[in-house]
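# A look at the structure
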Amino acid sequence: MNPQAKLISTTSLLLGTSITISSNHWMTAWIGLEINTLAILPLISKTHHPRAIEASTKYFLTQATASTLLLFASMINAWFSGQWDITQLTHPMSCMLSTVAISIKLGLVPFHFWFPEVLQGSTMTTCLLLATIMKFPPITLFYLTSPSLNSTLLTSMAIASAALGGWMGLNQTQTRKVLAFSSIAHLGWMTIILNYNPNLTLITFYLYTMTTSAIFLILNTTNTLKLSTVMTTWTKIPPLTTIFMLTLLSLAGLPPLTGFLPKWLIIQELTKQELTATATAISLLSLLGLFFYLRLAYCATITLPPNFTNYMKQWQTNKPTNPLTTIFTSLSIMLLPLSPMVLTIS
């Protein structure tokens, strides 16, 4: 890809995200989302592979539909209330349409269909952007409109996302699709607490972004796209493989790693709100995700490839590790002791 074109796309991506997260008017938020969509399309389709073109087409169509619904919802609200302020979402039809529009943008169930396919057709770096930065503006809109949204609808979508994200991830052999369904399951955790403690939604998103970024950067460093090639990566950079296992377990939410913190706080808050059944259901559904994280960790660190005569070990690489990988992996493993400070903030 041309360096100038890549620079323009990346700058536009940052600009669109900044506009949306800092706006309090529906039109400026919508403009930011449109800039984001147009900026990421060249990055998805840059390989010129048919799968990449298909992914960019699917992404454009779903995001255009979501943007149209969001604009329609804001116009209905402005028509009835005279308000364009994002926090003043009062009309019931506008609340429902905006929930659907933002859910499509995020990839929540039942609007998840586009997300795994788009990630499968993109490069690892673009997948990282789609799974983290591109979700920040819609999450911000959810955060700002959270008092007006229907808690029953959000809880139903959250439970369905956690269930389907865990269930569909069990049978995947492509690492990008595994992480796509992992993202859908984590979105369920973020959505379920949105009505009761929106700050926890943001904390969960930040910690998820950090851990997922670490995993994508490690997979990009070792050039791993399938589970079968995960088994052979331990000979390339052995210390990184060990850290990869710990980061996966952190994403699964096992103590004493960082990923345990948001799940612990969410279950605690749901119990305080006397939603014990909901907390129990989403906790049990997280076990589905734990299975495929453990399978990835097992393939990466414990399983050896079949020792055929024509099999050659991959030489250890001298390729320097990205400094961001070191930072994100360290934070995604060792941040749990800071939980008292996080509790103070939330």
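Residues numbered from 1 in each chain as written. Predicted model: local features only at pLDDT ≥ 70, side-chain atom pairs only at ≥ 80, totals over all residues. Heavy atoms only, no water.

If you check an unreviewed UniProt entry, the protein appears there as NADH-ubiquinone oxidoreductase chain 2 from Pseudopipra pipra pipra. If you open the UniProt record of the protein and go to Catalytic activity (unreviewed entry), you find "a ubiquinone + NADH + 5 H(+)(in) = a ubiquinol + NAD(+) + 4 H(+)(out)". (UniProt positions renumbered as here; feature names shortened; annotations may be inferred.)

With that out of the way, let us pick up the layout of surface pockets. Of the pockets and cavities examined, the largest pocket occupies roughly 300 Å³. Considering the residues around the largest pocket, the lining is formed by 17 residues, among which Leu129, Thr132, Ile133, Thr209 and Ser213 are closest to the centre. Every element with two or more residues in the lining of the largest pocket is listed here: α1 (3–22), α6 (124–131) and α10 (198–222). No other element matches α10, which puts seven residues into the lining of the largest pocket. Among the residues making up the lining of the largest pocket, the classes are represented as 11 nonpolar, six polar and no charged. (1 Å grid on protein atoms, 1.4 Å probe; cavity = no way out; pocket = protein on both sides within 12 Å on 5 of 7 lines; lining within 4 Å. Points joined across faces, edges and corners; volume = space filled by probe spheres on them. Helix = DSSP H or I, 4+ residues; strand = E, 2+ residues; numbered from the N terminus. Nonpolar A, V, L, I, M, F, W, Y, C, P; charged D, E, K, R; others polar.)

A contiguous nonpolar patch, built from Leu38, Phe60 and Leu61 and spanning about 300 Å² of accessible area, is present on the exposed surface. By the element assignment, Phe60 lies in helix α3 (residues 50–81). Phe60 gets classed as partly exposed once you look at its relative accessible area, which sits at 40%. (Patch = residues over 30% accessible without salt bridge, like charges linked within 9 Å, V, L, I, M, F, W, Y side chains within 5 Å. Areas by Shrake-Rupley, 256 points an atom, 1.4 Å probe, with all protein chains shown as cover. Salt bridge = Lys/Arg side-chain N within 4 Å of Asp/Glu carboxyl O. Buried < 20%, exposed > 50% of the residue type's maximum accessible area, 1.4 Å probe, protein only.)

In the structure shown here, the tally under the stated rule is three salt bridges. Lys58 serves as the salt-bridge partner of Glu54, at 2.8 Å between the closest nitrogen and oxygen. With a gap of four residues between them, Glu54 and Lys58 both fall in helix α3, about one helical turn apart. We classify Glu54 as partly exposed; its relative accessible area is 41%. Residue Lys58 is classed as partly exposed on the basis of its relative accessible area, which comes to 29%. Connected through salt bridges with shared partners, the residues Glu54, Lys58, Glu117 and Lys177 form a single ionic network.

Before going further, it helps to spend a moment on the environment of Ala277. Inspection of the secondary structure puts Ala277 in helix α14 (residues 276–301). Here the alpha-carbon distance between Ala277 and Ala29, two residues 248 residues apart in the chain, equals 36 Å.

What characterises a pair of aromatic rings is the spacing of the ring centres plus the angle enclosed by the ring planes. For the structure shown, the criterion picks out seven aromatic pairs. A centroid spacing of 6.1 Å and a plane angle of 5 degrees characterise the contact between Phe260 and Trp264, whose relative ring orientation is stacked. Here the residue Phe260 and the residue Trp264 both occupy positions in helix α13 (residues 260–272), the gap between them amounting to four residues, near one helical turn. Overall, the relative accessible area of 26% leaves Phe260 in the partly exposed class. Arranged with centres 4.8 Å apart and planes meeting at 55 degrees, the rings of Phe292 and Tyr293 form a pair that is tilted. Residue class for Tyr293 comes out buried when judged on its relative accessible area of 3%. Among the aromatic residues, those joined into a ring-pair cluster are Tyr59, Trp114 and Phe115. Taking NZ or CZ as reference, Lys135 lies 3.9 Å from the ring centre of Phe115, over its face. (Phe/Tyr/Trp six-rings, centres within 6.5 Å; stacked < 30°, edge-to-face > 60°. Lys NZ or Arg CZ within 6 Å of the ring centre and 35° of its normal.)

The next thing to look at is the packing of α6 against α10. Where α6 meets α10, the closest approach of the two axes is 9 Å, and the angle between their N-to-C directions is 175 degrees. As far as their axial angle goes, α10 and α6 are roughly antiparallel. In this structure, α6 contributes Met124, Thr125, Cys127, Leu128 and Ala131 to the contact, and α10 contributes Tyr208, Thr212, Ser213, Phe216, Leu217, Leu219 and Asn220. The class makeup of the residues in the contact of α6 with α10 is eight nonpolar, four polar and no charged. (Axes fitted to C-alpha atoms, helices over the stretch in contact; angles between N-to-C directions. Parallel < 35°, antiparallel > 145°, perpendicular 65-115°, else oblique. Contact = heavy atoms within 4.5 Å.)

Quick look at the side chain of Lys263 now. In this structure, Lys263 sits in helix α13. Once residues lying within four places of it in the same chain are set aside, the contact partners of Lys263 are His186, Trp189, Leu251, Ala252, Gly253 and Ser286.

That bond from Val109 to Pro110 is cis: its omega, 10 degrees, falls within 30 degrees of zero. Its place among the elements puts Pro110 in the loop between α4 (92–106) and α5 (114–120). Cis geometry marks the peptide bond from Pro255 to Pro256, where omega comes out at 5 degrees. Within the element layout of this structure, Pro256 appears in the loop between α12 (238–252) and α13. A positive phi angle, close to 60 degrees, is found at Glu274, a residue other than glycine. With respect to the element layout, Glu274 can be found in the loop between α13 and α14.

A pair of packed helices is characterised by two quantities: the angle between their axes and the separation of those axes. Across the interface, helix α2 (residues 26–44) lies against α6 with an axial gap of 10 Å and an inter-helix angle of 155 degrees. Classified by the interaxial angle, the pair formed by α2 and α6 is roughly antiparallel. Along this stretch, α2 crosses α6, giving a crossing that reads as left-handed. Across the interface between the two elements, Ile40, Leu43 and Ile44 of α2 pack against Thr126, Leu129 and Leu130 of α6. Looking at the contact of α2 with α6, its residues break down into five nonpolar, one polar and no charged. (Left-handed = near helix turned anticlockwise from the far one by under 90°.)

Further remarks concern the nonpolar core. Judged by nonpolar contacts, the single largest core of 70 residues is most densely connected at Ile40, Tyr59, Leu130, Leu141, Phe142 and Phe216. Once you skip the residues sitting within four places of it in the chain, Tyr59 turns out to touch Thr37, Ile40, Leu41, Ile44, Trp114, Val118, Leu130 and Met134. (Core = buried A, V, L, I, M, F, W, Y, C linked by side-chain atoms within 4.5 Å.)

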